[in-house]
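Fold and contact review
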Amino acid sequence: MKKSLIAAAIVAASLAPVAATAQDAASAAVAPTVGAKVYGPEGNEVGTVESVANGVITVSTGTARAGLPPSAFAMREKGLTIGMTKAQLEAAVNGAKAETGAAKEAAMVVDAPIKSSDGIVLGTISKIEGDDVTVQLSDGNAVILKKSYLGLVNDALTLGMTAEAFAQQTQASASAEAGAEAAAPAEGEAAATEETAGE
């Protein structure tokens, strides 16, 4: 999901010129709703509107997701229309993903900042091992994230959650770990007592 949102932002930017024909045909502002069918320039179905948030309309073709600006849509006879066929949209998404993947890999280096989806620096990369990235947080703690959790937004490595949501998640994880550590010695003591009793 995180990757698709990041890819969506890139695809939205790359598709805007292609969708100009649909924009020209729009006589009034189009307000797509979730679940609405989306058609291509020849009237063939492209997909459905999956979400509408922060000025990005996410269209799912079933195999790909693309985030488009409202200006990419026009209302035609069949309904919501964009200036691309299903195949063209999927090719654009896959191309953007490949390009983004290469750029993301190049940006993923030690000391690179990691931002939240709302633009706050969460910390910096301290270590990269395989698919794991260790991030030294601003509060002094460290967390391990999967590379797949990070995307490239405006040339910055970005986690697909807000700083507040991330803080809540890390606090919940820390509490769970602390609880597990506290329970471990008690279980060990119980086992030792049983062994002694058995002797």
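A short tour of the structure in this document, coming up.

The rules we used
- Residues numbered from 1 in each chain as written.
- Predicted model: local features only at pLDDT ≥ 70, side-chain atom pairs only at ≥ 80, totals over all residues.
- Heavy atoms only, no water.
- Helix = DSSP H or I, 4+ residues; strand = E, 2+ residues; numbered from the N terminus.
- Buried < 20%, exposed > 50% of the residue type's maximum accessible area, 1.4 Å probe, protein only.
- Contact = heavy atoms within 4.5 Å.
- Areas by Shrake-Rupley, 256 points an atom, 1.4 Å probe, with all protein chains shown as cover.
- Core = buried A, V, L, I, M, F, W, Y, C linked by side-chain atoms within 4.5 Å.
- Pairing = 2+ DSSP bridges.
- Axes fitted to C-alpha atoms, helices over the stretch in contact; angles between N-to-C directions.
- Polar contact = N/O pair within 3.5 Å; in protein donor to acceptor, adjacent residues only side chain to side chain.
- Expected span 1.5 Å × (residues − 1).
- Arc of directions from axis to C-beta.

1. Thoughts on the overall build of the protein chain
Summing up its helical and strand segments, the protein chain has 4 helices and 12 strands in all. Split into buried and exposed, the 199 residues of the protein chain put 35% on the buried side. Excluding contacts between residues fewer than 6 apart, the proportion of contacts in the protein chain whose partners are at least 24 apart in sequence is 47%. Accessible surface for the protein chain amounts to roughly 11,200 Å². Of this, 54% is attributable to carbon and sulfur atoms.

2. Some remarks on the nonpolar core
One finds Val 38, Leu 68, Phe 73, Ile 82 and Leu 89 to be the most contacted residues of the largest nonpolar core, which totals 18 residues. Secondary-structure elements contributing two or more residues to this core are strand S2 (45-53), strand S3 (56-60), strand S4 (65-68) and helix H3 (86-107). Broken down by element, the residue count for this core peaks at 3 residues, all from H3.

3. Comments concerning the sheet that holds strand S11 (residues 150-153)
A sheet is described by the order of its strands in space; here 6 strands give the open sequence S10-S9-S8-S7-S12-S11, paired in mixed fashion. Looking at which strands have only one partner, the edges of the open sheet turn out to be strand S10 (142-146) and S11. Here the strands of the sheet are splayed against their neighbours by 45° on average, with no regard to which way each runs. In the sheet, S11 pairs with strand S12 (residues 156-159) via 4 bridges, with the strands oriented antiparallel. Pairing of Leu 152 across the sheet is with Leu 157, part of S12. In the packing of H3 onto the sheet, the strands contacted are S11 and S12, and the crossing angle to S11 comes to about 100°.

4. A look at the side chain of Ser 116
Its place among the elements puts Ser 116 in the loop between strand S7 (113-115) and strand S8 (121-129). Within the local environment of Ser 116, its side chain forms a polar contact with the side chain of Asp 118, the two groups lying 2.3 Å apart. In this view, Ser 116 contacts Leu 122, Thr 158, Leu 159, Met 161, Thr 162 and Ala 163; residues no more than four positions away in its chain are not counted.

5. A closer look at H3
Between its first and last C-alpha atoms H3 spans 31 Å; for 22 residues at 1.5 Å apiece the expected length is 32 Å, and the two agree. Within H3, the full set of buried residues consists of Leu 89, Glu 90, Ala 92, Val 93, Ala 96, Thr 100 and Lys 104. Buried residues along H3 cover an arc of 155° about the axis, so they all sit on one side. Opposite the buried face of H3, by more than 90 degrees, sit the exposed residues Ala 87, Ala 98, Glu 99, Ala 102 and Ala 106.

6. A short note on the sheet that holds S3
In a beta sheet, neighbouring strands are held together by backbone hydrogen bonds and run either parallel or antiparallel to one another. Taken in spatial order, the 6 strands line up as S4-S3-S2-S1-S6-S5 in an open sheet, and their pairing is mixed. Of all the strands in the sheet, the pair left with one neighbour each is S4 and strand S5 (74-75). Sheet topology note: the strand S1 (residues 37-39)/strand S6 (residues 80-81) ladder contains 2 bridges and is parallel. If you follow Tyr 39 over to S6, its bridge partner there is Thr 81.

7. Examining unusual backbone geometry
One non-glycine residue, Asn 154, lies in positive phi territory at about 50°. In this fold, Asn 154 is placed in the loop between S11 and S12. If you check the backbone angles, Asp 155 has positive phi at about 65° while not being a glycine. Among the structural elements, Asp 155 can be located in the loop between S11 and S12. For Asp 155, a relative accessible area of 72% puts it in the exposed group.

8. Description of the environment of Thr 85
Structurally, Thr 85 is set in the loop between S6 and H3. In sequence terms Thr 85 and Glu 42 are 43 residues apart; their C-alpha atoms lie 7.7 Å from each other. Setting aside residues no more than four positions away along its own chain, Thr 85 makes contact with Pro 41, Glu 42 and Val 46.

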